[in-house]
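Reading the structure
Here is what each chain is made of, one letter per residue.
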Amino acid sequence: MEEALLDRQLDTVFRPVRTGNAFEETVERILQAIKLGVIGHGDRLPAERDLAGRLGVSRETLREALRSLQQAGFVESRRGRYGGTFVTYRLPAPDVVELRRVADDLGAELEDALTLRLVLETGAAELAARRELADEQRRYLLQRLADADGASPEDYRQCDSRFHLAIGELTGSPSLAAAITEARIRLNDLLNAIPMLGRNIDHASEQHGAMARAILTGDAPAARRATEEHLEATAALLRAFLG
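Here we summarise the structure given alongside this text. (Residues numbered from 1 in each chain as written. Predicted model: local features only at pLDDT ≥ 70, side-chain atom pairs only at ≥ 80, totals over all residues. Heavy atoms only, no water.)

This paragraph deals with the pairing of strand β1 (residues 75-78). Note that β1 and strand β2 (residues 84-87) share 4 bridges and pair antiparallel. Opposite glutamate 76, over in β2, you have phenylalanine 86 as the bridge partner. Between β1 and β2, which pair antiparallel and follow one another directly, the connecting turn spans 5 residues, one of which, glycine 80, has a positive phi of 105°. (Pairing = 2+ DSSP bridges. Helix = DSSP H or I, 4+ residues; strand = E, 2+ residues; numbered from the N terminus.)

In total, this model carries 1 aromatic pair according to the counting rule given. For the pair phenylalanine 74 and tyrosine 89, a centre-to-centre distance of 4.8 Å together with 25° between the ring planes defines the contact as stacked. Here phenylalanine 74 is found in the loop between α4 (59-71) and β1, whereas its partner tyrosine 89 is found in the loop between β2 and α5 (96-106), with 15 residues between them in sequence. Here phenylalanine 74 matches tyrosine 89 in class, with each residue buried. Just above the ring of phenylalanine 86 sits the side chain of arginine 78; from NZ or CZ to the centre is 4.0 Å. (Phe/Tyr/Trp six-rings, centres within 6.5 Å; stacked < 30°, edge-to-face > 60°. Buried < 20%, exposed > 50% of the residue type's maximum accessible area, 1.4 Å probe, protein only. Lys NZ or Arg CZ within 6 Å of the ring centre and 35° of its normal.)

We now examine the pattern of salt bridges. In this structure the tally under the stated criterion is 20 salt bridges. Between glutamate 25 and arginine 29 there is a salt bridge; the shortest N-O distance is 2.2 Å. Here arginine 29 and glutamate 25 lie together in helix α2 (residues 22-36), a separation of 4 residues that amounts to about one turn. On the basis of relative accessibility, which here comes to 8%, the residue glutamate 25 falls in the buried class. Exposure remark for arginine 29: the relative accessible area of 5% places this residue in the buried category. The salt bridge partner of glutamate 126 is arginine 130, with a shortest N-O separation of 2.9 Å. With glutamate 126 and arginine 130 both in helix α6 (residues 109-130) and 4 residues apart, the pair spans about one turn of that helix. A residue is classified by how much of its surface remains accessible, and glutamate 126, at 19% relative accessible area, is buried. (Salt bridge = Lys/Arg side-chain N within 4 Å of Asp/Glu carboxyl O.)

This is the structure in structure tokens:
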């Protein structure tokens, strides 16, 4: 079940390429998976045949995309029995200048993106709490929570992303999980650029714990409230740095 949930998360981010720009969109999908933390530093990408099938592109297009990403320092190819393509990218250190640049690029879309995220994720938390979760699903959420709680500052944002995306997977709705992923992608560069504050991370950890407990105990109203409190706190911190 836990492997199945991880597999569905890969399906969500590695959805089929829809445009005529297969190479460019393939590069974009892989970069999104890496930056979201779905596949983190040191992790191996799915096998070539599997990944090409998920993306709906030829293996030659995939190889070309992977070569470009390797040249840019995002992945590396290793040979041998345990070989494959591995992620070498690490998120850059948070930077207020970069934060403001990304916010300027979003412009009027920023508040829209924050609102959409709030609606989607509070609804997902409530729905997940209303479901009868299997033991494997419960362990999956607790593992994502533990990963975020124990993450180093360098890995925190990606582990945070994985925790939030996991809740989307627990709803049992592929469409909702995909919408949450898309909403996160819109804000991901912005969230990654927020300076890491120890007190804020501690507060976020408490909020994550409250979200997970409410989902696991089936308290749907509490799951919605805890998620709303967490997302509003993140948005408030973001606005504070943007001035």
